[in-house]
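Below are the chains, spelled out letter by letter.
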Amino acid sequence: MKLQYKISLLVFGFGLVFLGGIESLSYYFTRIQHLNDVNKHLLESALNSAERVELTLEDKANVALALSNAPIISKALFRSNSFFGGMTEDERKKEIKRLNDKWIKTVDLSDPFISSYMTNPVSLFLKEHMDRNPGKYGEIFITNRYGTIIATTGKLTTLAHSHKYWWVAAFAEGDGRVFFDDRGFDASVSGYVIGVTVPIMKDGDIIGIMKCNVNMDAILLDEVQAFKLGKTGALKVTRSGGMVVREKGKAVLSTRVPGALVEEMGDRGTGTITINGLKKASIYAYAPIPITSGTPQYGFGGKGESIDHIKGNRGELWYVLLSQELSEALAPLREELRRDTFAGLFIVIIMGLLSLVIGKRVSLPVMKMEAMARRVGRGDFDVEMDVRSRDELGSLANSFNEMTRNLRETTTSVDKLSREVSERRKAEEKLRSILVAAGDGIIVASADSRIVIVNEDLCNTFGYLEEELVGRDVEMLMPEKYRKAHGDGMKRYLESGAAKVLGTRIEIEGLRKDGSVFPIEIRIEETGEAEREKKVFVAAIRDISDRKQNEEKLKRYASNLEESNRVKDLFTDIMRHDLMNPAGVIMNSAEILYEEEDSESKRDIIRMIIDNSSQCVELIENASIYARIEHLDELEKNPIDLTALLKDIIRNFAFNLQEKDMTIIFDSGGECVANMNKMISEVFSNLISNAIKYGNKKSRIEINMSSDEGYLLLSVKDRGEGVPDGAKEKIFERFERAGVTDIKGTGLGLAIAKRIVDLHKGRIWVEDNPEGGSIFYVRIPEDGGKDYK
């Protein structure tokens, strides 16, 4: 393009930029004032609408109060209160519970009990009021001062109501207060319901509570439809938590307002805000309905859900919310800008034509430079221009000469670029190798849930080819039940940045190409640009079908093991109860025969029966004890005076000591109280019993007990044959007796003792007695909970 045209275009372009700048500044400042006016108008309209809704609620309360003052209601309440007031508090509670239970169980509306509450004069009076106001009420019912229904227009869930939040709020500890129960959607009227709850007063005292479930659908819809503002203006009644109570063309409680608006309304004041949505921006004005925040005269609130209503209010205010699309609000201002722009554009065109004439005169010297530039364009970088002028053209010539010198120095730039392209290709190949060797299925997806990259493991796991997945929505790999949650999560992330699953391993289900569902483990990470809309998500997916099957097998094994333990315990109980009795009978009978028999040979046989029966009883008892403690993990522990316990145990062996002419020396050092289970006596008894059994006649048994750094140390020293080194560990196992065969025993005593000591987190062992025999030691934490060291 010739220079003269370039100059003309430059002037024309500058004119356009200047015109654009002026128009932009004008539009910016005018736009601010215009938006202020729009916000002010919307806010005034929102305040007026909020006032109308509040007056409507107050009117509903006044109607309910007027209805509750009917003499027929006061008389019925007086009779009911007198009946229940004549009872004691305990009698009254029992009677109300009896009536409430009967009410719940009776479903036939024609039953005389139910009919007495729904067809009495008061209920007929309430129904007549409802008939005069068709479609405005769900139910109306009245309770006495004790919360029990005396009349109702419909069969409610319960008869007793004094425990319910709305009843307590209206009773107000006897002061009385109107309470609006924001119930949400009520199935009885198929619409939005407010439960207007009013106290019924007599001489300053509450004699009852009346609740009118008022259908607010038509009332709120009239307010919504009455608002007119252009094509996009809209009025909504919302809760402060964002749930829309009523709006045009939508079901009640079916939509929510933007999260940014919820934060604004959380301050419980009036205001305006402009929010940029995904497709359009809108202006919002919001004003709270004061009565819904609670006043000394009126309370407002509700409960999330119950059997007869859903999406109730959980302590949120009501707001009137007005909105208009920003584009429509700015339409008048843009029309004015369009007119000003056309006028300025005409002036710029005139300036462009004048510059065309001027440019033709100043472009002649540049023509001389053109030939030199062509030579440079053909690769001849050795040319230089002859600089003669000192104006801008001279500067241009100097710059041209400098450029040719730089070109000569940088002819290698193409080779450098080629090397960079080669290195990038190698990096891409390395990334693909990493994805192949990852061991898990890898999927890379964009912020709009489109699949960008998958590896071979993922394709094999889900049964697809790579070209069947790339470019498709990731939801094709999810069962239907997960897709909505995924969509909601992505939307929440794009709006607020909140993400629940990023960086954590979760277990869900995947959907294969053949339609089969299988368990997977997935970990998702984000990467890419700082803007959330440009983020890239990388997910590692692993098929855990085998692991789930193994977990199920483990559960079945645990269940079978538990049943096996139960059968073992049952067998132990049977053995103890069903074998102990006959063995005891045999032993007792043999002892009687022994005393009455004169023949020495027969007495020896009877003594053998007695000894073997005694051993049988001991075996049954020890087996029962061992089975009972074998599978325990811990024992209940309480403070026990071990000195007193040992003295009692020693006294119990007085006869055995006398038979072998043995003595016991017990050195306790005074009272010793430790935190242990009473089964510790089995340990002490077994050690003393063994010392007597295996000790020599006329020998001495020494028992010492001391405390050492929080541990109890007990030693039992006998003077018997001792325990061989090879048996010192085995004797604490079941049915091991260290090779002694002439002493009768079961072989379970020391196994029981070791198990009880283990449950006390202690240790039991045996050492040789230098004086002959053995020394058995027991070391147990005195506090019962300290691990043995």
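In every chain, residue numbers begin from 1 and rise along the written sequence. Reporting of local features is limited, given that this is a predicted model, to residues whose pLDDT is at least 70; pairs of side-chain atoms are given and counted only at 80 or more, and all residues count toward the totals for whole chains, interfaces and linings. Water and hydrogen atoms play no part in the side-chain values, which are based on all heavy atoms of the structure.

Burial classes follow relative accessibility: with a 1.4 Å probe on protein chains only, a residue under 20% of its type's maximum area counts as buried, one over 50% as exposed, and anything between as partly exposed. Only DSSP runs of H or I reaching four residues or more are called helices, and only runs of E reaching two or more are called strands; each is numbered from the N terminus. Counting buried residues along helix 22 (residues 749–759), eight of its eleven residues qualify, which places the element largely inside the surrounding structure. Taken as a whole, helix 22 has its buried residues at G749, L750, A751, I752, A753, I756, V757 and L759. With its phi angle positive at about 60°, K761 sits one or two positions after the end of helix 22.

The sheet built from five strands is open, its strands ordered 7-6-12-9-8 with antiparallel pairing. The outermost strands of the open sheet, each flanked by one partner alone, are strand 7 (244–246) and strand 8 (271–276). Direction aside, neighbouring strands of the sheet carry axes that sit 35° apart on average. Against the sheet, helix 7 (residues 217–226) touches strand 6 (234–239), strand 7 and strand 12 (318–325), its axis set at about 95° to strand 7. Pairing between strands requires that DSSP locate at least two bridges from one strand to the other. Orientation is described by axes fitted as lines to C-alpha atoms, over the contacting stretch for helices, and by angles from 0 to 180 degrees between their N-to-C directions. For this analysis, residues touch if any pair of their heavy atoms sits within 4.5 Å.

Right, let's talk about the layout of surface pockets for a bit. Cavity means a closed set of points on a 1 Å grid over the protein atoms alone, one where a 1.4 Å probe fits but cannot get out, pocket means an open set with protein on both sides within 12 Å along at least 5 of 7 lines, and lining means a residue has an atom within 4 Å of a point. Grid points are joined across faces, edges and corners, and a volume is the space filled by probe spheres set on the points. By volume, the second largest pocket amounts to about 1300 Å³. Along the walls of the second largest pocket sit 30 residues, with V257, P258, G259, K491 and E495 positioned nearest its centre. Contributing elements (two or more residues each) for the lining of the second largest pocket: strand 6, helix 8 (259–265), strand 8, strand 9 (281–288), strand 12 and helix 16 (480–496). It is helix 16 that contributes the most residues to the lining of the second largest pocket, six residues altogether. When residues are sorted by character, Ala, Val, Leu, Ile, Met, Phe, Trp, Tyr, Cys and Pro go into the nonpolar class, Asp, Glu, Lys and Arg into the charged class, and all the rest, Gly among them, into the polar class. Here the lining of the second largest pocket is built from residues that sort into nine nonpolar, ten polar and eleven charged.

So, about the environment of V357. Of note, V357 is situated in helix 10 (residues 331–362). A sequence separation of 349 residues divides V357 from S8, and the C-alpha atoms of the two residues are 8.3 Å apart.

Among the eight residues that make up strand 12, eight are buried, leaving the element largely enclosed by the rest of the structure. Residues W318, V320, L322 and Q324 line one face of strand 12 and the alternating positions Y319, L321, S323 and E325 line the opposite face, and both faces are buried. Where strand 6 meets strand 12, six bridges bridge the pair, whose relative direction is antiparallel. Residue pairing in the sheet places K236 in a bridge with L321 of strand 12. Looking at chain direction, strand 9 and strand 12 are connected through seven bridges and run antiparallel. Across the sheet, Y286 pairs through a bridge with L321, a residue of strand 12.

To continue, consider the sheet that holds strand 22 (residues 711–717). Taking strand neighbours across the sheet as the criterion, the five strands line up as 19-21-22-24-23 in an open arrangement whose pairing is mixed. The open sheet has two free edges, formed respectively by strand 19 (663–667) and strand 23 (763–768), since each of these has just one partner strand. Neighbour-to-neighbour, the strand axes of this sheet turn through a mean angle of 15°, independent of strand direction. Looking at chain direction, strand 21 (residues 700–708) and strand 22 are connected through seven bridges and run antiparallel. The residue bridging S706 from the neighbouring strand is L713, located in strand 22. Against the sheet, helix 19 (residues 642–652) makes contact with strand 19, strand 21 and strand 22, and its axis sits at roughly 175° relative to strand 19, the strand it touches most. Against the sheet, helix 22 contacts strand 23 and strand 24 (774–781), and its axis sits at roughly 130° relative to strand 23.

It is worth spelling out the confidence of the model for the chain at this point. A residue's pLDDT is the predictor's confidence in that residue, given on a scale from 0 to 100. Overall, the predicted model of the chain reaches an average pLDDT of 82, with 81% of residues at or above 70. The least confident element of the chain, judged by mean pLDDT, is helix 13 (residues 413–436) at 60; the most confident is strand 2 (residues 149–152) at 96.

Take the pattern of salt bridges next. A pair is scored as a salt bridge if a Lys or Arg side-chain nitrogen falls within 4 Å of a carboxyl oxygen belonging to Asp or Glu. Per the stated rule, a full pass over the model turns up 35 salt bridges. Here R132 makes a salt bridge to E128, at a shortest N to O gap of 3.3 Å. In this pair, R132 and E128 are both assigned in helix 5 (residues 121–132), four residues apart and thus about one turn of the helix distant. Accessibility expressed as a relative area gives 52% for R132, which makes it exposed. Between K211 and D181 there is a salt bridge whose closest N-O contact spans 2.6 Å. Taken together, the residues K211 in strand 5 (residues 205–215) and D181 in strand 3 (residues 178–186) connect sequence positions 30 residues apart. Each member of the pair K211 and D181 is classed as buried. Linked through salt bridges whose partners overlap, the residues forming this network are R505, E507, E521, R547, K548 and E551.

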